[in-house]
Amino acid sequence: MDRTAVAVLFGGRSSEHSISSATAGGVLRAIDRDRFDVIPIGITRDGAFILEDDDPDKFALDPGHLPEVVDNGTRILWPDSARSRELRVTDADGIRSLGEVDVVFPILHGRFGEDGTIQGFLELLDLPYVGAGLLMSAIGMDKHTTKSVLKAAGVPVVPWVTVTRRDLDRDRTLWERRIRALGLPAFVKPARAGSSVGVSKVSDWSELDAALDIAFAEDPAVLVEQAVVGREVECGVLAGRDGEGPRVSVAGEIVISGREFYDFDAKYLDAPGIDLVCPADLAPGELAEMQRIAVRAFEAVGGEGLARVDFFFTGTEFFVNEVNTMPGFTPISMFPKCWIATGMSYPELIGELIDLARVR
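Residues numbered from 1 in each chain as written. Predicted model: local features only at pLDDT ≥ 70, side-chain atom pairs only at ≥ 80, totals over all residues. Heavy atoms only, no water.

### Quick word on the nonpolar core
Okay, so step 1: Membership of the largest hydrophobic core comes to 33 residues, with the highest contact counts inside it found for Leu150, Met290, Phe311 and Val320.
Okay, so step 2: At the level of secondary structure, the elements contributing two or more residues to this core comprise helix 3 (134-141), strand 11 (221-226), strand 12 (231-238), strand 13 (247-256), helix 9 (284-300), strand 15 (306-313) and strand 16 (318-324).
Okay, so step 3: With six residues, helix 9 is the largest single contributor of residues to this core.
Okay, so step 4: Both domains that meet at this core, namely domain 2 (138-157 + 229-345) and domain 3 (160-226), each give it at least three residues.
Okay, so step 5: Contacts of Val320, omitting those with residues within four sequence positions, involve Leu150, Val155, Pro156, Val157, Val158, Ile293, Ala297, Val309, Asp310 and Phe311.
Okay, so step 6: Residues Val103, Phe105, Leu238 and Phe329 belong to the second largest nonpolar core, which totals 31 residues. (Core = buried A, V, L, I, M, F, W, Y, C linked by side-chain atoms within 4.5 Å. Buried < 20%, exposed > 50% of the residue type's maximum accessible area, 1.4 Å probe, protein only. Helix = DSSP H or I, 4+ residues; strand = E, 2+ residues; numbered from the N terminus. Domains from an automatic or database assignment. Contact = heavy atoms within 4.5 Å.)

Below is the structure:
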C-alpha cells in the first residue's frame, strides 16, 4: 500500500510557537508510520520555513525546556504553481526534491497559522490540509467575532465587552462603565490569542488596568468577559463523513482546586492545582444537550475539520466560552483525551484528521 505523504507544519511567528512545536512532537511520535510518510517543516519565529528533524524528543515540553524551531539554514521551496505538489528543500548542498505531498497538517496555534493565513496560502497552492478552512479559521481565531457569530446563531455565550486602546483614549468613562456593568470577577483576554496567553482574572477593579496592559501586549482588541460560576467542560468535534453530521466526543472537565483559572502553566506544563477529568460526570441528558450545542456552534462558525468547544455549565445552562479550531495535541491536552475516552486512539485520531482533509 502506498503511504500518504504528510507535511507536518509547526512553530510559527505567534506567541504560541513553543506550544505548536510541542503539539507537533506529540503528532510525530504517534502518527502511523505504516500509513504515512512524514515531512516535518518548522517555521521559525521569523517566519522561515525549514526542514526540521523528525525527532519527537526534540520537541518535548517541560518546565525546563520550551521547544523551538531554530533556523538551520535550510529552506523549503513550495510548489511553483497549483499544477504541482512537489516540495523541495535548499541547503548547503543545493536543491533536492522531497517528493510530492498529499496533505499538509498545519499544527499552528495563534496568529499567522490558526487565523486563516496559512490556510489561504495552502489554498492558493491547491494543497489539501487538515482542519478548518480559511473563513472558519479566521472566525475562530477572533474571540469577538466568534461570540458575535454564535450569538446570532442562537448559541448561548457569556456576556462580554470588546475594547481597544483607541476606545479607552476617546471616552474612558463610557467604556469603564460598560466594563463594570459586567460585574466581578471578570476575565480580560486578547481577542486573537490562545493557550491562555495574555489572560488575567480581575477580582477587584483596581486590577483592571494591569490586566488590560497584559492583554493589549498580545492584541490591539481586548475582551472583558463576565465570569460564570460553574463547571468548565469541553468536548471535541470532528466533521462528519459521507454526508453524515459532525461527531462529538464525550465531555471532559477542568477541575480547578489550587489555581485562579486554567492558565498556560496548567495547560502545558502540568502545573499543580488542575485536574482534567474525562469523561466528565454529567447526566445523560446533560451530555446530550452539551453535544447538541457543540454541533450547533461548530456548524455556525463553518463546520470543517475539527474543533474543541469549551463550555461553562451552571448546573442548568451551558454557555459556550470558545470554539478552538486547532486545539492542542500534547499528551496532556483535553482534545485527544476526550476522543480516547470516546474510543478513538491517538494514532487513529491523527489518521482520521488526515483522511478528512483528503476527502474534503
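### A word on the pairing of strand 12
Okay, so step 1: Burial of strand 12 is extensive: six of the eight residues sit out of reach of the surface.
Okay, so step 2: The pairing of strand 12 with strand 15 spans eight bridges and is antiparallel. Bridge assignment links Leu238 to a residue of strand 15, and that residue is Leu306. (Pairing = 2+ DSSP bridges.)

### Here we look at the pattern of salt bridges
Okay, so step 1: Overall, the coordinates contain 26 salt bridges when judged by the stated rule.
Okay, so step 2: With a closest N to O distance of 2.8 Å, Arg308 and Asp310 form a salt bridge.
Okay, so step 3: On the basis of relative accessibility, which here comes to 6%, the residue Asp310 falls in the buried class.
Okay, so step 4: What you see here is one network of salt bridges that share partners, running through Arg35, Arg241, Arg247, Glu352 and Asp355. (Salt bridge = Lys/Arg side-chain N within 4 Å of Asp/Glu carboxyl O.)

### Description of the UniProt feature "active site" (unreviewed entry) in the protein chain
Okay, so step 1: According to UniProt, the feature "active site" (unreviewed entry) maps to Glu16, Ser195 and Ser333 in the numbering used here.
Okay, so step 2: If you trace the backbone, Ser333 turns up in the loop between strand 16 and helix 10 (334-342).
Okay, so step 3: The class of Ser333 is buried, set by a relative accessible area of 6%.
Okay, so step 4: Within the structure, Ser333 has its side chain in polar contact with the backbone oxygen of Gly328 (distance 3.5 Å). (UniProt positions renumbered as here; feature names shortened; annotations may be inferred. Polar contact = N/O pair within 3.5 Å; in protein donor to acceptor, adjacent residues only side chain to side chain.)

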